[in-house]
Structures are given as structure tokens and as C-alpha cells.
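The chain contents come next:
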Amino acid sequence: MTTQASNAVDVQNMTVTFGRSRTLVRAVDGVSFTVAPGEIFGIIGESGSGKSTLGRAAVGMITPSGGEVRHGDVDPFALNRKALNVHRRKYQIIAQDPNAAFNPRMTILESVMEPMYIAGIGNRAERRARALEMLDTVALSPELSNRYPHELSGGQKQRANIARALVLDPEVLVCDEVVAALDVSIQADMLNLFWKLQQDFNLTYLFISHDLNVVSHISDRVAVMYFGKIMEIGPAEAVMNRPLHPYSEALRSAEPEIIADQAKARERIILQGEIPSALNPPSGCRFHTRCPRAADRCSTDEPVQRELVPGRFVACHFAEEMLARFAEGGAAMRRETVS
Amino acid sequence: MSVTEAQRPEVATGMSAGAGALLSVDGLKLDLRDESGWVRVLDDVSFQIRPRETLGVVGESGCGKSMTALSIMQLLPPRYARTEGRIQFGDRDLLTLSRRQMSRIRGRNISMIFQEPMSALDPVFTVGAQIVETVLCHFKVSRREAEERAIDALDSVGIAAPREIAQLYPMSLSGGMRQRVMIAMALVCEPELLIADEPTTALDVTIQAQIMDLLLKLSQQKGTAIMFITHNLALVSQNCDRMITMYGGQVIEGGPVADVLATPRHPYTTGLLHSVPEAGRARGTLNAIPGRVPSLRAMPPGCRFEPRCPHAAPVCRQPVGIEQTGDRQIRCHRWQELTQQQAVSQ
Ligand SMILES: Nc1ncnc2c1ncn2[C@@H]1O[C@H](COP(=O)(O)OP(=O)(O)OP(=O)(O)O)[C@@H](O)[C@H]1O
Ligand SMILES: Nc1ncnc2c1ncn2[C@@H]1O[C@H](COP(=O)(O)OP(=O)(O)OP(=O)(O)O)[C@@H](O)[C@H]1O
Ligand code: SF4
Ligand code: SF4
Ligand SMILES: [Mg+2]
Ligand SMILES: [Mg+2]
């Protein structure tokens, strides 16, 4: 992961903490990754693993307590307030709950025009035209634009929310659990839309979700987070089908899959134990309290993240052994041993 | 895993409230009253659950899954809810029972767990006290005996220190622990039927896998049948024997899980299957079902899926009933034609 000025997002050794002394939570703890322009970078992890915090810090919405963030060759935290406000138009977040983004007393059209008003862009007629154009881009029918938020369905509201982020012509979008609250058929529609927008506008996404199927479907590369740390980074398909970290493997195994023939059901890895408390993270490898492969050293030594195969970064003492399983028999063997 | 064929008692495959069915819902209609008056929420819902089997109930938000469950449990206030049809449980029609008779069945013969356990647990009592109450309500046993059963129940759901946990209030438990407590409470009286309404939707995948595993293991040990409500087709495919798909307040397809998933007959079931994202599936090509579920007050008079169905034809504007063929049910005018053209299969 060399630092290139051309990266849309470059995060090096970033730490974000909340609270202090006894209530100190290291929500993100020494994380490094880069995202190329036009790339879809997925972030997976259980509740509380620090995905949202990472996403917000990566676009400069909250200030990290350590490490570096670069957007191209810009350091967003070195900008003065005015310059940062202009810069942030290029780096937007779409959050899970579209309700929070809308003022209940404003129509959808007014809400979509609002960011341009705040940014001082165009006159009223221009803002209106741009808002209508973006509502059309997200395939929200014009007659809905004069409705109030409570008069739209969840999927329609999420579309309007996307239009609201698009009016400022962003380059990077952090999509934080954007389809979590939606039914599967509407979710499919939204994922198609996100994909189309990425193609049409060459957007860069940080696509955050706890749903493995969603993240791995849409992403080029994924990062698997546990407790503020990245366990594994690599191409989405490789991490899904040949995980090199026991946590990725367990997540993959826990994620239900549609199988028409129950006799073919996988032997699932069921993680025991609860997700540990953020105030009291486990020593050594943070995953050791639940890891089916943990050995003695795992509770004392923290594994170092290393590049096992070009483009695949893993932090586990036994990553080489995990890799050897695939090297020996290839994916076919794995399918046999786990079925 | 589910009960194997060999262990399961022989049952008739017909739709009639036939011998062998544990629960048989027949032509269930439900009207609810809101500000604008009465509205039909369930219309002609029919299905069966056999002893010891796991039945999956799938469908989009608002299609009536929870209302079907609440109708069976008779948990809807009569002032705001009117039911018609039959809900045969053993030799009794639950819709004809008095409130007292029903309260003896609830928790004892049929119990239910919900998506959000906090809504079902009472915040002012310890979890131990709540399980003890459930036992005392249905069995003539001493308080001490009830307490022992409660501890055993907590132990059986994998709670490591059941005596200590029993002293805690629901608020101080994690989501996964609360759901375990709910399962302990639901199974402590060893009911014949457990209705689980989205029991793992609010949980992380790793905890979800723990809970599903537990639920199935316990129900298998105790021979409990499960009605498992979810919008997650994958969970159904892995855990259920049979399934029904609901749409707009009706059952539109039903049958053994393996058959329905391998050869779905209803265009809506096919649509749901094609909507699920997967790692390997080409991006931008998820087959979303166009449009949305019509509002309850504006249901099309014919097939309810007609406005969204890629195979809709003029005949589809005629009302369509549910048809039984072998051990499968289907509510579609054109299913035979479409199956022949292989238009709806995977
Ligand atoms: N403003 C805050 N103040 C204090 N602690 C916080 C704050 N925001 C987040 N945290 C803590 O930081 C950790 C990571 O939270 P974060 O919201 O980033 O997780 P997440 O992976 O997005 O989880 P989820 O899937 O539930 O959204 C959690 O332990 C959380 O409680
Ligand atoms: N009090 C009420 N008055 C009128 N309609 C209601 C009332 N409560 C629920 N409904 C409607 O009944 C229909 C069925 O609701 P139900 O809760 O059974 O859906 P569901 O399939 O469980 O959905 P979900 O997956 O979102 O839980 C919905 O369209 C809902 O809007
Ligand atoms: S370092 Fe040890 S505990 Fe951590 S993931 Fe690897 S095997 Fe498991
Ligand atoms: S009856 Fe017609 S509209 Fe309805 S599902 Fe069948 S083909 Fe589609
Ligand atoms: Mg979050
Ligand atoms: Mg429901």
C-alpha cells in the first residue's frame, strides 16, 4: 500500500478515539488503506466494529486522533474552515437513515435544493433545475418531488437522499448501510442504481455494510473490520471465496446462502461468545476470544498485517497456513473439505 | 438441521384440515381498523404446519406475515381486528375459543418470539422471574420447582451462568442474550408450536448463526414445530422443511423448500430469488421487481401481483384462487404455461 498522490482516499495508520481515560474507546485503531479513483471499496464488519467512524473520518467529517488522511494530494485536516467546506462537497456521506437527512416540513424538492443553497451555488431557478435533474437521475418520478418525506416509502426516500448528495457533484461517496433498511427487491433496485451512478459519473465509493452479500456483490475490494482494526483487505471475490483470516472465514460461513439442496449445506463455523466490550478490548489479537483457530500466542502477541499475495493484506499469526490450504488443493479442495 | 423424513410422522399432503396437520389455517381473512375505517389485511390465507416441521414464511415488508402470526396467537384487540375463516389447532378452532381458553394455549401449546425481544420482555422484572411466571401460569408446580425449570431453560439456551443471569433485568443484556432469554421463555413449557417472527433480523450475522442453530437444535430435541417468519430466503433455504411465500395479504406459493427454490412456479417467488445479491453475480444486473406492493386499499381485483408481473396477460385481471398440486400450492393463472416455457424457473 504505497502512498500515491493519485488516490481518491489514502488513510495511513489512522486512529479515532472517543471519550477519555476510563471511558476511552478506540473506535478505529491504526488502520491503513487506499482507494483509487473510480473504485468501489467495501467495508464489512459487525455492529460496533468502527465502520461508520472510519467512513466519517476518511472523508474529513470527524478528526482522527492519530495518523494521516489524504484526498489526492490534499490533507483535508490542514485546510482552513472555508476551504474545507468547499472541499467537502467532493466527499459526501449517504447515511442509513434517510429520515435524518430530511426536514419533515420541507418538500423533497426543497430538501434536494438545500445543499446548493448552503453552498451558495446558482440562483433559485438553476438550483431547482439541477435538483429536478438529479431526482430524474435516481429515477424518482417528478410528481413525488412536491411531497413531504413522510409521504414517501423507504426506498423512495433513499433515492431522494442520493439525489441530495449528487447535486453538489461529488467525487467520493461514503455509502453507510444505505440498503440495510430496505426489502430485498427494493434493495436490488438500489444496488443497481448505485452501480449505474458509479459508471455514469465515475464516482468512488466507500461502501459500508454488515451484509456480506451486499458488500461483496458491489465492491472491487473489501476490508474486513473487527473491533477497530482491519483483519483482511483484498479483492472482493478472493476474500469471499478464499478468506485468509479466520474472522473473514467465520463471517462468510455465518452469512446464510440460498441453497436449494439442503444435503449440500456447508458445515458452518458458528462463532461462540459475544462481541467483546469496546471499553475492554481483548489483548493480543482482538479476535482471540472468539477465534476457532486461536493458539496461546494469540492472547499475548498482536499479529502484524502483511501482504501475503499481491494485493491481499492479512493480520493473523496463521495467515500463511490459511493460504497454504488454498495453494495445495486450490478452491476445489476447499469445497470438498467444507461440504 | 431439520427433522428427517424418517422421523416425521406420516402426513397427508392434501390441503384439507387433514389428519396429521398440527395447525391448519383455512381461508383466514383479517380486517383491521385504522383512522380511515376497516381495511382487509389478510385475504384467504391458507396453509398447514405439520408436527415437528419447520415452515418458512417469506415475503416483502407489509405482506401480512406478522398479522398472520398475531391472528394465530389471537393477540389482536377485537375492537380493531376482525377475523374470519378457521385456524384449526389439534381438534380446536382457535377462532371460536374464549379469551380464557386461548390464554391457556398461548405460552403452553403455542408460543411466539419476536424480532425485538425488548418489546416482549417486561423491563421491571428480572428475566428469571418472567420465566418462572410463565411456568406457574401453565403448570401446577411449586415456585421452587418453577425456578429450577427456569434455570434449566436458561442453561439449555447456552447461557453460561444461568443463576446469575436469572437475577438480571432485560436492559442489562446484549441483543443476542435477550433473544436467548426469549427462546428459553418460549420453550420452557415445551409447546407443540413455536412462532418465530424475524427472531434474528436485529442481530449481527455471527450472533444470528448462533441463535438459529440453537433454535433448531432445541426444537428438534423437543419435537417443536416452528413457523419461521423472515424476509431472508437464504435462512429459509438452510433451515426449513417447507415454505410459503406471501404477497399482498395472500399466500401465493407453497411447498417443500427444495422444490420451491429449485423450480419456483410463481413469478413473484422467482423475482425474490433473483433480487438477492451474491459475490459472484454481475454488478448492475440484480433483477429487481419493478414497482411496489399496492396499498391495501387499492389492491387489484385480479391477481395482486399483476401490476408488477413480467408475465401478466389479460386473464390475470380475473381473481385467482390457490391451487393444490401434489404437495405444492400456487396462486397464478398462468403457472402451467410458464412452467412449460421455463419462464419462471431459476
Ligand atoms: N460519538 C461517539 N461517542 C462515543 N463512542 C462512539 C461514538 N461514535 C461511535 N462510538 C463507538 O465507537 C465504536 C465504533 O462505532 P461505529 O458506529 O463506527 O461502528 P459501526 O461499525 O458503524 O457499527 P454499526 O454496524 O452498528 O453501525 C462503538 O463502540 C461505538 O460505541
Ligand atoms: N393497525 C393497522 N391498521 C391498518 N393496517 C395495518 C395496521 N397494522 C398493520 N397494518 C397493515 O397490515 C399489513 C400487514 O402488516 P404485517 O405487519 O403483517 O407485515 P409483515 O409482512 O410482517 O411486514 P414486515 O416484514 O415489515 O414485518 C401492512 O400493510 C400494514 O401496513
Ligand atoms: S491471530 Fe490467532 S486469534 Fe487472531 S485471528 Fe489469527 S488465529 Fe485467530
Ligand atoms: S396470475 Fe398473471 S399476473 Fe399474476 S403472477 Fe400469474 S402470470 Fe403474473
Ligand atoms: Mg455504523
Ligand atoms: Mg412483520
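Scoring rules and cut-offs
- Residues numbered from 1 in each chain as written.
- Chains lettered and ligands numbered in written order.
- Predicted model: local features only at pLDDT ≥ 70, side-chain atom pairs only at ≥ 80, totals over all residues.
- Heavy atoms only, no water.
- Helix = DSSP H or I, 4+ residues; strand = E, 2+ residues; numbered from the N terminus.
- Rg over C-alpha atoms; globule rule 2.2 N^0.38 Å.
- Buried < 20%, exposed > 50% of the residue type's maximum accessible area, 1.4 Å probe, protein only.
- Contact = heavy atoms within 4.5 Å.
- Areas by Shrake-Rupley, 256 points an atom, 1.4 Å probe, with all protein chains shown as cover.
- Buried area = accessible area lost by both parts, 1.4 Å probe.
- Salt bridge = Lys/Arg side-chain N within 4 Å of Asp/Glu carboxyl O.
- Polar contact = N/O pair within 3.5 Å; in protein donor to acceptor, adjacent residues only side chain to side chain.
- Nonpolar A, V, L, I, M, F, W, Y, C, P; charged D, E, K, R; others polar.
- Near = heavy atom within 4 Å.
- 1 Å grid on protein atoms, 1.4 Å probe; cavity = no way out; pocket = protein on both sides within 12 Å on 5 of 7 lines; lining within 4 Å.
- Sits in = over half its atoms within 2 Å of the grid points.
- Pairing = 2+ DSSP bridges.
- Axes fitted to C-alpha atoms, helices over the stretch in contact; angles between N-to-C directions.
- Phe/Tyr/Trp six-rings, centres within 6.5 Å; stacked < 30°, edge-to-face > 60°.
- Right-handed = clockwise from strand over helix to strand, strands pointing away.

Enquirer: Provide a residue-level description of the overall build of chain A, including the pertinent values.
Expert: Tallying secondary structure elements over chain A gives 11 helices and 11 strands in all. A compact globule built from 339 residues should have a C-alpha radius of gyration of about 20 Å, and chain A, at 21 Å, falls within 12% of that. The dimensions of chain A, computed from C-alpha atoms along their principal axes, are 65 × 50 × 35 Å. The buried share of chain A, taken over its 339 residues, is 52%. For chain A, long-range pairs separated by at least 24 residues make up 64% of all intrachain contacts whose partners lie at least 6 apart in sequence. With an accessible surface of roughly 14,800 Å², chain A has 49% of that area assigned to carbon and sulfur atoms.

Enquirer: Run through the interface of chain A and chain B, naming residues and quoting values.
Expert: Each partner contributes to the interface: chain A provides 41 residues, whereas chain B provides 44 residues. Here chain A and chain B share an interface that buries about 3,700 Å² over both sides, 57% of which is from carbon and sulfur atoms. Inspection of the region where chain A meets chain B yields 0 salt bridges. Along the contact surface separating chain A from chain B lie 6 residue pairs in polar contact (both at pLDDT 80 or more). When residues of the side of chain A that touches chain B are traced back to their parent elements, those giving at least two are helix H7 (184-201), helix H8 (212-218) and helix H10 (246-254) of chain A. Broken down by element, the residue count for the side of chain A that touches chain B peaks at 9 residues, all from H7 of chain A. Within the side of chain A that touches chain B, the residues separate by chemical class into 18 nonpolar, 13 polar and 10 charged.

Enquirer: So, the site of ligand 3: which residues are in play, and what are the values?
Expert: Residues and elements named next belong to chain A. Around ligand 3, the surrounding shell holds 13 residues, and the nearest of these are Cys285, Cys291, Cys298, Cys316 and Phe318. In this structure, ligand 3 is accommodated by the largest cavity. Along the lines of polarity and charge, the residues of the shell around ligand 3 split into 9 nonpolar, 3 polar and 1 charged.

Enquirer: So what's going on with unusual backbone geometry? Residues and values would help.
Expert: Phi angles above zero are rare outside glycine, and Ala139 of chain A is one such case at about 60 degrees. If you trace the backbone, Ala139 of chain A turns up in the loop between helix H5 (124-137) and helix H6 (154-166).

Enquirer: So what's going on with the sheet that holds strand S10 (residues 250-256) of chain B? Residues and values would help.
Expert: Residues and elements named next belong to chain B. Pairing in this open sheet of 8 strands is mixed, and the strands run S6-S7-S8-S3-S9-S10-S12-S11 from one edge to the other. Both edges of this open sheet fall to strand S6 (110-113) and strand S11 (323-325), since each of them pairs with a single strand only. Across this sheet, the average inter-strand angle for adjacent strands is 20 degrees, counted without regard to direction. Against the sheet, helix H7 (residues 175-187) engages S6 and strand S7 (193-197), with an angle of about 175 degrees to S6. Of the strands in this sheet, strand S3 (54-58), S6, S7 and strand S8 (225-229) touch helix H8 (residues 205-222), which is tilted by about 155 degrees from S8.

Enquirer: Outline the packing of aromatic side chains, supporting the account with residue identities and numerical values.
Expert: All names here are of chain A. Throughout the structure, instances matching the rule amount to 11 aromatic pairs over all chains. Considering the side-chain rings of Phe33 and Phe41, the 4.9 Å spacing of their centres and the 5 degrees angle between planes classify their relative orientation as stacked. Here Phe41 falls in the buried class, since its relative accessible area comes to 0%. Ring geometry for Tyr226 versus Phe287: centroids 5.1 Å apart, planes at 75 degrees, classification edge-to-face. Here the residue Tyr226 occupies a position in strand S8 (residues 221-226), and Phe287 occupies one in the loop between H10 and strand S10 (306-309), the gap between them amounting to 61 residues. Relative accessible area serves as the criterion here: at 1%, Tyr226 is assigned to the buried category. Given the relative accessible area of 0%, Phe287 is considered buried. Members of the aromatic cluster, connected to one another through ring pairs, are Tyr226, Phe227, Tyr247 and Phe287.

Enquirer: Give a description of the pattern of salt bridges that names residues and reports values.
Expert: Residue and element names in this part refer to chain A. The full count for this structure, using the stated rule, is 35 salt bridges over all chains. A salt bridge links Arg164 to Glu114, with the shortest nitrogen-to-oxygen separation between them at 2.6 Å. Linking Arg164 in helix H6 with Glu114 in helix H4 (residues 108-118), this pair joins segments that are 50 residues apart in sequence. Across the pair Arg306 and Glu320 runs a salt bridge whose closest N-O atoms are separated by 2.8 Å. Of this pair, Arg306 sits in strand S10 while Glu320 is found in helix H11 (residues 319-338), placing the two residues 14 residues apart along the sequence.

Enquirer: Tell me about the side chain of Asn239 of chain B, and please be specific about residues and values.
Expert: Of note, Asn239 of chain B is situated in helix H9 (residues 233-239). Since its relative accessible area comes to 7%, Asn239 of chain B is described here as buried.

Enquirer: How would you summarise the pairing of strand S6 (residues 172-176) of chain A if you had to cite specific residues and measurements?
Expert: Residue and element names in this part refer to chain A. When you tally the buried positions in S6, you get 5 out of 5 residues, the bulk of the element. Pairing of strand S5 (residues 91-94) with S6 involves 4 bridges; the strand directions are parallel. Following the sheet pairing, Ile93 is matched in S6 by Val174. Pairing of S6 with strand S7 (residues 204-209) involves 5 bridges; the strand directions are parallel. Along S7, the bridge assignment pairs Leu173 with Tyr205. Assessed by its sense of winding, the connection that carries the chain from S6 through H7 to S7 is right-handed.

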